[in-house]
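Inside the fold
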Amino acid sequence: MIGFIVRRLMSSALVVVLTSMFVFALFFLGPSDPARPLCDLNGRCTPERLAVLTEAMGFDEPVTEQYAIWAKGLVSDRTVDMGAKYDCDAPCLGISYGSREEVSTELKDKYPATISLAIGGAILYLVIGVTLGTLAAKVRGTLADRGLVTVSLVISSIPYYVVALLAWIYLSLEWGIFPDTSYHALTDGIGPWAYGLLLPWLVLGLTNSTSYARFSRGQMVETLGEDYIRTATAKGLKNNRVIFKHGLRAAIVPVITIFGLDFAYLLVGTVFTEQIFDIDGIGRWGIRALRAPVDFPVVAATVLVGAIIIVIANLLVDILYSVIDPRVRLT
Amino acid sequence: MTETQAQPHTNLRGTGADNKGDTLLEVIDLKKHFPVKSSGIIRRTVAHVQAVDGVSFAVPRGGSLGLVGESGCGKSTTGRLITRLYDPTAGRMMFEGQDIAALSRRQMLPLRSEIQMIFQDPYSSLNPRHTVGTIVGTPLRVHKVVPDDKVLDRVRELLEVVGLNPEHYNRYPNEFSGGQRQRIGIARALALQPKLLVADEPVSALDVSIQAQVVNLLQDVQREFNIAFLFIAHDLAVVRHFCPEVAVMYLGKIVEIADRETLYSRPHHPYTQALLSAVPDVKQAAIGGRRERIPLEGDVPSPVNPPSGCRFRTRCWMAQDICAKQVPPLLQIGPRHKVACHFAGERGSTGAVPVTLDVLGCNSHGDPVPGATRAADLETPGYSPDFDDLETHRRKSAELADR
Amino acid sequence: MTSESFLGTSGSHPAPQQAGPGAVPTAEDPFLVVDHLSVRFPTHDGLVQAVSDLSYTVRRGQTLGIVGESGSGKSVSSMAVLSLHNPKSTRLEGSITVGGQEVVGADDATMRKLRGKEVAMIFQDPLTALHPFYTVGQQITEAYRIHADVSKSTAKKRAIEMLDRVGIPQARSRVDDYPHQFSGGMRQRAMIAMSLVNDPKLLIADEPTTALDVTVQAQILDLLQDLQREFNSAIIIITHDLGVIAEMADDVLVMYAGRAVETGPTKLLLTAPEMPYTWGLLSSVPDVAADTDARLIPIPGNPPSLLNPPSGCPFNPRCVYKPKVPGELCVTTLPELLPAKVGRDHRRRCHLPDPHETYRLEVLPEIAPELAGQELAGQELAGQEKVGP
């Protein structure tokens, strides 16, 4: 088990490093001049200014060297020269072109909102999806079952941002059911924190739950055909206990696998959600940074954080797997 | 549709000269060890599953050898080694004088048509999206046995040979019953006119009444085309019916090999005796009482860490010191009878002195006797015309017993 | 032992004696009475007639073997005893009483009291029949605590006791193992321990040894016989293997296409069968004790579709003795389950004028020439109670 985790952490680190290299490569080997965005920021960008910036930022150095400097900043303090000099404490992810703040400081500000949103939404759609799917499997073939499948298909076929936008316009603005949809730090108290996130959670949770409902329904129907389910019934167990104790435990395993694979999708969902509900999180921050002029240090930081989250989520899923299924030994 | 008895065609290949005397396949000291990986940070191979650990046997041209044993004994692995679905760890497999164990995949290619396989499960071994014509015709096309425009004719012929309606070539496997599917598998295996068919549990997934149809078909096919069979099955009755010669495997080794009459009526290895005694016998029970059953305690040991010496000793009622120290050689004790047991003999007539001491050159505790030599060629396939019978071995061994 | 058994009768015969309403069941009364049972499954393609008009009884201490091939209805009929089919997609007709309690149409609460308590089941493949995610101990404990109001620790003690009883070494530590840590034989022992934890009066074993090796099969069959002697339970053993039947069963029920085609005491039925399908089963299995290059005599054709079963005798499309029956009787009329020529409680469904003679003179010389000349053991056994046609 420990051997497995160590091995996985090592391969995870490799994935994160490769991702950051890839982003670097895209940015610096791409067609546009990397100094251009910074140059564009303040007034007219003259060729002289561009040359000065290129020199100061070290953009004329080989990409590998720039990457090495960037990567070294993760473990030690460095000074960033963007015309003016900025101190950047380790872990240094660079200085934002836009705000001239340390990216790591901004990141510390933004991530709680995103994490709250993602985890809350994920719990909501897992619970709702699996519960509905299990209930549908229990009554499979009935009108309720077919109704659920149909509604789920309809919701899945509407793009997520349309649902989110409509929810925001009507539920928040027009009808005022959820007047406040913004992030309040947990330190302000659980009440405001949860209240502000309620509508985003619901939108994220409900729309994503539909595919989980259908998937867990399918898994459950399959599981209910297994021999050990018949054994459980033949013991004299109540139907609900057969389904929820014997059936669900087996049916949930593939659902968790899908959940791990879907995690990237969930992060995309939070980007939209933050954008639409005006939540100050990593997603919105990253999207802003992508607008011209591109704020490269912020983009690199969001991609890095995204990769780390996905890698950790998958590791957790694998560990969860071995907890649920005793046959899985993490070796 | 009613399945009819196969009416084998004669025009596929001549009935073949009756050359049963010579050997088609000789397997010598064949081994297959599967690695077991460690769970540490660096995954090393820490052990081996000794699935097949030194088996030797011969299959005569046009003859059949049965391979029986319980799950995990290595019989299926042996079949897969011979068809080179697995690569052997060690040993030789002489097919018509050529060692196919040493051939690369590319070199093996032309020989694939000579050695074909029939699988157990007629449901999963046929691609459900291919028609029967494609399934049976593919080997013909791949090996370019017949021109492309003649493939269909040949497929029809083959379907007829195995007792299917030749006009059903454009149907899919799911339109056939289990027995019919197994016939399709047989037709596919026959397409290339193989010299050796490895049949791995060919009837055990079928209903009783269908089993007999398929067994009869296999017998017809064998006689008609002079195909040699390695018939792997756990059903001792079916194997006895099909194979004049039978080998019994236990935990990766052959413990006894003999003509069927000897093996089934006068087994000399305790495991063979126990195995046979466990088979329920309808006729015996019907006319009163069952045969004496020899109960075997416990389970087969793990092939990762098999017992030292004789692998059966942990469950054997006759085991002595020597059984833990010396691996019993597969000793020829009759014109067509070999057995690997230090105390070989019919039940109730075994002696106190091991019978293997003369070839092993050791005393009855399994310790080497100074001056005595160990026989060299203990892993030869097939039978030798000159051999010592059990009494001779016993007498010669007695001289070494107390030294 | 066999002379007192009550085997099934067809419609035109008096139903086996039943524990009527209010009657106090005695030890002699059959514990399980299946009476004119039909099981049908509506499907997209039509109605699958899995079991048709099946009647049989089982007493405590008796072992009934049900033999047949896949699709013969042997498993379906026994699952019906515990109402294990999905009620929405199954049509049950007739009656099944377990210890006097009617099962057909009974509500779920009633069935739950029977399941695992009065009637327990063991299945073919213990690897799939045990839940992979729970320890063997947890599963046995759960089965016990459904029907016994005891603490977890008491139940666990009981589980260890049961594992020990079925011959699992070091039961105290193995109780916390998962099924995949057991060998095949051990798993089936654990399954048996679980099914017997509540001292059921009837044990239904559905192909209990088919997935097992022959030496392990011998161990399990011996264990079942020991346990039956100890607990005096009734056993129904469902199998396709006549060898298992021969070793285990007091009485046999041969099923074909959802119907009983021959029933009777085991020895009689195996030595003097009077139904061509039973002959076919006997002739198509090679004999482990005989050295022969002779061809097996298979049953031609395939089992019939239950969507559209043959008219008349269900076996008629595969029966080679059909020409011996005058007219088109085999195709037009379903033969009744009539008393056979040899033996009390021996019944068969066949139109042949004298199936016993046909067997003796035509079938036996082919499948067991060594027995053909001799007087049949079955006849000797049944001699004193020979029933004429």
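For the structure, see preceding data.
In this report, we go over the structure that sits alongside the text.

Procedures and definitions
Per chain, residue numbering runs from 1 following the sequence as it is written. For this description, chains carry letters from A and ligands carry numbers from 1, given in the order in which they are written. The predicted origin of the model limits local features to residues at a pLDDT of at least 70 and limits the giving and counting of side-chain atom pairs to 80 or more, whereas totals for whole chains, interfaces and linings rest on all residues. The basis for every side-chain value is the complete set of non-hydrogen atoms in the structure, without hydrogens or water. When DSSP locates at least two bridges between a pair of strands, those strands are taken to pair. The helix count covers DSSP runs of H or I at least four residues long, the strand count covers runs of E at least two residues long, and both are numbered beginning at the N terminus. By definition in these notes, contact holds between two residues if any of their heavy atoms fall within 4.5 Å. Buried area is a sum: the accessible area each of two parts loses on coming together, probed at 1.4 Å, counted once for each and added. Any Lys or Arg side-chain nitrogen located within 4 Å of an Asp or Glu carboxyl oxygen qualifies as a salt bridge. Here a polar contact is taken to be a pair of N or O atoms separated by no more than 3.5 Å, where protein atoms must pair a possible hydrogen donor with a possible acceptor and residues adjacent in sequence count only if both atoms sit in side chains. Every axis in this analysis is a line fitted to C-alpha atoms, fitted for helices over the stretch in contact. Angles between the N-to-C directions lie between 0 and 180 degrees. Expected helix span is computed as 1.5 Å times (number of residues minus one). A simple rule labels every residue: compare its accessible area, found with a 1.4 Å probe on the protein chains alone, to the largest value its type can have, and call it buried under 20%, exposed over 50%, or partly exposed in between. Only Phe, Tyr and Trp rings take part, Trp by its six-membered ring, and two of them pair if their centres are within 6.5 Å. Stacked means planes under 30 degrees apart, edge-to-face means over 60, and tilted covers everything else. Geometrically, a charge over a ring is one whose NZ (Lys) or CZ (Arg) sits within 6 Å of the ring centre while staying within 35 degrees of the ring normal.

This brings us to the sheet that holds strand 5 (residues 98-99) of chain B. Residue and element names in this part refer to chain B. In spatial order, the strands read 2-1-4-5; together these four strands make up an open sheet with antiparallel pairing. Sheet topology places strand 2 (45-60) and strand 5 at the edges, where each strand pairs with a single neighbour. In this structure, strand 1 (residues 23-37) lies alongside strand 2, joined through twelve bridges in antiparallel fashion. Paired with F34 across the strands is V49, a residue of strand 2.

A few words on the interface of chain C and chain A. Contacts between chain C and chain A engage 24 residues on the former and 21 residues on the latter. Taking both partners together, chain C and chain A bury about 2300 Å²; carbon and sulfur atoms supply 62% of that area. Per-residue buried area on chain C facing chain A is highest for C:F133, C:Y134 and C:E142; these three make up 29% of the total on that side. Counting every contact that joins chain C to chain A gives three salt bridges. Among the ionic pairs, C:E142 bridges to A:R241, the shortest N-O distance being 3.7 Å. The interface formed by chain C and chain A includes twelve residue pairs in polar contact (both at pLDDT 80 or more). For the side of chain C that touches chain A, the element with the most residues is helix 4 (residues 136-147) of chain C, which contributes five residues.

Moving on, we get to the sheet that holds strand 10 (residues 259-265) of chain C. Residues and elements named next belong to chain C. Here eight strands make up an open sheet; going across it, the order is 6-7-8-3-9-10-12-11 and the pairing mixed. Strand pairing shows two members of the sheet lacking a second neighbour, strand 6 (119-122) and strand 11 (337-339), which therefore form its edges. Neighbour-to-neighbour, the strand axes of this sheet turn through a mean angle of 20°, independent of strand direction. By the bridge criterion, three bridges tie strand 11 to strand 12 (residues 347-349) in an arrangement that is antiparallel. Of the residues in strand 12, the one forming a bridge with P339 is R347. Each of strand 3 (63-67), strand 6, strand 7 (202-206), strand 8 (234-239) and strand 9 (251-256) touches helix 1 (residues 74-81); the most contacted strand, strand 8, lies at about 150° to it.

This paragraph deals with helix 6 (residues 208-225) of chain B. Residues and elements named next belong to chain B. When the terminal C-alpha atoms of helix 6 are compared, their 26 Å separation across 18 residues agrees well with the 26 Å that a helix rising 1.5 Å per residue should span. Across the 18 residues that make up helix 6, a large majority, 17, are buried. Within two residues after helix 6, N226 carries a phi angle of roughly 55°, on the positive side.

Overall, the coordinates contain 23 aromatic pairs over all chains when judged by the stated rule. Between A:F259 and A:F263, the ring centres sit 5.8 Å apart and the planes meet at 90°, which makes this aromatic pair edge-to-face. Residue A:F259 shares its accessibility class with A:F263, and that shared class is buried. Their ring planes at 65° and their centres at 5.1 Å tell us that B:F229 and B:F242 sit as a pair that is edge-to-face. Note that B:F229 is positioned in strand 8 (residues 228-232) and B:F242 in helix 7 (residues 236-242), a separation of 13 residues in sequence. B:F229 sits in the buried class, given a relative accessible area of 0%. The class of B:F242 is buried, set by a relative accessible area of 3%. The structure contains a cluster of three or more aromatic residues connected by ring pairs, namely A:F24, A:Y67, A:W70 and A:F296. Geometry around C:Y134 places A:R249 over its ring, the cationic atom sitting 4.8 Å from the centre.

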